[in-house]
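Tertiary structure, described
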Amino acid sequence: MAKFGSGTKAAGVTIEPPRRYSSWNASKFELHRQIANHAVRLRASLASVALILISITWAHANRASWGSPVVDFGREVYTGWRLYQGEVLYRDLVYLHGPLSPYLNAFWFSLWGDNLDTLTFANLCLLSATAVLLFFLLRHITSDAAVFFGLLSFFFIFALGHTTPLGNYNFITPYSHELTHGILLSLLLLSSLFRFAATRSRRALWGACCINGLLLLGKLELFLAGSVTLVAATLLAAWGEARSGRQLARASLCALLFFSAPPLAAFTLLELAMPLGEAAEAVLSPLTNAFRGGRAAGIFYGQIGGWDSPFSHLLESASWLAVGATYLTLCAVLDRRFKHWGKERYVFCAGMGPLGVYVTEFAALQVRTSTLAAPRMLPLLLACTLAIAVKRFADARALPTADIRVTQERRILFLTFSLCLLAKICLNTRFTHYGFALALPGALAAIAIVVDWLPNHMERRGLSGTGIRIGACSLIISFVSLYFQLSIGNTAQKQHRLDTPRGSLAAAPAEGQALSGLLRYIQDELPQNSSVAFFPEGGLLNFLSRRANGTPYASIMPVETEIFSLEKILSRIASHPPHYIALVQNDLREYGVAGLGVDFALPVHRWILANYRFEKRFSSSAGSRPFTVDLYRYIGQAKMTSPPTTRLGATPQ
């Protein structure tokens, strides 16, 4: 059979292609195709930008709804405020992590004043930068649809989620700024490595090394993930490239110099205010503190990572992966089985998302779990995908062009970073609690897998991937809705608003009423220069009342007492006792203890009873949980006329 081409001979006659196949019309068709592709990409980009703007505006309007006035976030605010007031980290304030985030928060206070809105506004700015970086990074490794759904999940599950009653696990009022700042720095590191993958620029590699040095001044998890990704980028670049030993030694020396520049700068600045040994220990505190801790740390981090029952958690991870694979298979079968229906069959694929969440939730309840545990499949999914990506990268025939090879290398780097960041919660992966940051890259990689990479892989083999793509998008929307409803429910419980000259914050009814009375009493009855220490934690109350803690410890939680030694903590508090101590009711069961003065920090509690007199109780039973704060006044060694009971929360006699 004769085929049209540039001219084909058949039966002695040359058949010329029809006019519509002329080179001019082909070029015109290609031009129209490119214009259409650019239009689609532009619409997708505008949709993503609109999502970013809407989310940031909504977050700014509801900024007072996040955070807890007692737990975690207050330590972040208080530490930055005291540094702004002239104190020195590690000398005047004991701190677990690196110095980068506290001094950055102090810098924000110096720019815009020591107000709570200053920190939330700065975090909103950093959140915007994080979203923009994610937008450009994801565009290098996946489709526009996956970018949009990735940003949708980023905002309403991770960045702006209120997935726990406390509200400290988001990018506005994080329990640890080292995580949110570290995520932004890690994305900058990935940007440099993406550029290095495309250009093999030494400057890009050295920039990544310098950023990794900054990560050392934050939290250990992000530093280790960045280091492994940096090593992976170097190995991928060296794949098949012959390098002499001299060249490798010179490149390694340059990388080491750029990596060590931020820690050396921090050491130099800290050395101006403290001895050399203490300055060196302060810079390396993220590394040294990681190897300290005891029973409370083991219980707490064991539950977080799933190491308390590893085999059952691993089995559950495999089960959730099987559930996800079954769902995608059903979408593919539905697409193929009803192919003769045309585009109408995609309506059924879209309906698979809500149906899948409903059915999965019903089945999960039968085994006493929830669809919120579905992220446990992430480590296995990412590990399998990374192995396939490395195998394909090693097969030169699978990467016919340089652009495809660069894209595959970037995907490997993103998957490597995502998998390393999940190490701390690998057997108990979730989007709540620590997962708001540690599971973020992994969740975005999973979205890219099910929305783009897997459907494209099927289409290259002659199968239809549209059903899987639509079913995956529907499932993502359903999960975002589920987490958003959870956030709305937790926010609705915060019905009391703490309004102070230094900012406003929403709290639960009992907590808000008790703390409002406490803050009024401190403001009206206590001397302006008096110090008030909130134990076991409550740094935000110091900030809102404009009262310093009076001790080097913003909190004395179980992990801190094991890392810094309870005897040393008591010695430093006793040498410079604060004028007042407020014992805040706090649930410490996740650390394996009942509470301060019950079975935790008993020497500290006994010392307080011997040297302080009970002043006033602030309590409320509104809502579902009662809340109590007992205020004590320092009296030295004088005998107490009516000593309170030793149990925190009991009525003083």
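Notes on the structure follow. (Residues numbered from 1 in each chain as written. Predicted model: local features only at pLDDT ≥ 70, side-chain atom pairs only at ≥ 80, totals over all residues. Heavy atoms only, no water.)

**A look at the overall build of the protein**
For the protein, the count of helices and strands is 24 helices and eight strands. For the protein, the residues scored as buried account for 52% of the 653 residues in total. By element, 63% of the accessible surface of the protein is carried by carbon and sulfur atoms, the whole surface being about 30000 Å². (Helix = DSSP H or I, 4+ residues; strand = E, 2+ residues; numbered from the N terminus. Buried < 20%, exposed > 50% of the residue type's maximum accessible area, 1.4 Å probe, protein only. Areas by Shrake-Rupley, 256 points an atom, 1.4 Å probe, with all protein chains shown as cover.)

**Description of helix α12 (residues 295-305)**
Ala 296, Ala 297, Phe 300, Gly 302, Ile 304 and Gly 305 are the residues of α12 that are buried. The secondary structure elements touched by the buried residues of α12 are α22 (558-564). Immediately downstream of α12, the backbone of Gly 306 shows phi near 85°, a positive value. (Contact = heavy atoms within 4.5 Å.)

**A short note on the sheet that holds strand β7 (residues 612-620)**
Strand order across the open sheet formed by four strands is β5-β6-β8-β7, with mixed pairing between neighbours. Across the chains shown, the open sheet's two edge strands, defined by having one partner strand only, are β5 (532-535) and β7. Averaged over all pairs of adjacent strands, the angle between strand axes in this sheet comes to 20°, irrespective of strand direction. Sheet topology places β7 next to strand β8 (residues 627-634); eight bridges connect them, and they run antiparallel. In the sheet register, Arg 613 faces β8, and the bridge partner there is Arg 633. This element, helix α24 (residues 602-611), spans β5, β6 (580-584), β7 and β8 of the sheet and lies at about 110° to β7. (Pairing = 2+ DSSP bridges. Axes fitted to C-alpha atoms, helices over the stretch in contact; angles between N-to-C directions.)

**Examining unusual backbone geometry**
Between Phe 535 and the following residue, Pro 536, the backbone shows a cis peptide bond with an omega angle of 5°. Within the secondary structure, Pro 536 sits in the loop between β5 and α21 (539-545). Its identity is not glycine, yet Arg 546 carries a phi of approximately 60°, on the positive side. Looking at the element boundaries, Arg 546 is found in the loop between α21 and α22. With a phi angle near 80°, Ser 565 is a residue other than glycine that sits in the positive phi range. Within the secondary structure, Ser 565 is located in the loop between α22 and α23 (566-575). You can call Ser 565 partly exposed: its relative accessible area is 28%.

**Topic: the packing of aromatic side chains**
Going through the model one piece at a time under the given rule, you end up with 31 aromatic pairs. Ring plane angle 85° and centroid distance 5.7 Å describe the contact between Phe 156 and Phe 484, whose orientation is recorded as edge-to-face. Here Phe 156 is found in helix α5 (residues 144-159), whereas its partner Phe 484 is found in helix α19 (residues 466-492), with 328 residues between them in sequence. Judged by centre distance (4.9 Å) and plane angle (10°), the ring pair of Tyr 175 and Tyr 434 falls under stacked. Of this pair, Tyr 175 sits in the loop between α5 and α6 (177-199) while Tyr 434 is found in the loop between α16 (402-421) and α17 (435-438), placing the two residues 259 residues apart along the sequence. The same class applies to Tyr 175 as to Tyr 434, namely buried. Here the aromatic cluster, defined as three or more aromatic residues joined through ring pairs, consists of Phe 154, Phe 155, Tyr 169, Phe 171, Tyr 175, Phe 300, Tyr 301, Tyr 434, Phe 436 and Tyr 591. Just above the ring of Phe 196 sits the side chain of Arg 200; from NZ or CZ to the centre is 5.3 Å. (Phe/Tyr/Trp six-rings, centres within 6.5 Å; stacked < 30°, edge-to-face > 60°. Lys NZ or Arg CZ within 6 Å of the ring centre and 35° of its normal.)

**What to know about the packing of helix α15 (residues 378-394) against helix α18 (residues 440-460)**
Where α15 contacts α18, the two axes come as close as 11 Å, and the packing angle between them is 50°. In this view, α15 runs oblique relative to α18, as classed from their interaxial angle. When the axes of α15 and α18 are compared, the crossing they make is left-handed. Residue-level inspection shows Leu 378, Leu 381, Leu 382, Thr 385 and Arg 392 of α15 in contact with α18, the latter providing Gly 442, Ala 443, Ala 445, Ala 446, Ile 449, Trp 453 and Arg 460. A per-class count over the contact of α15 with α18 returns eight nonpolar, two polar and two charged. (Parallel < 35°, antiparallel > 145°, perpendicular 65-115°, else oblique. Left-handed = near helix turned anticlockwise from the far one by under 90°. Nonpolar A, V, L, I, M, F, W, Y, C, P; charged D, E, K, R; others polar.)

Nothing here speaks to function; it is all geometry.
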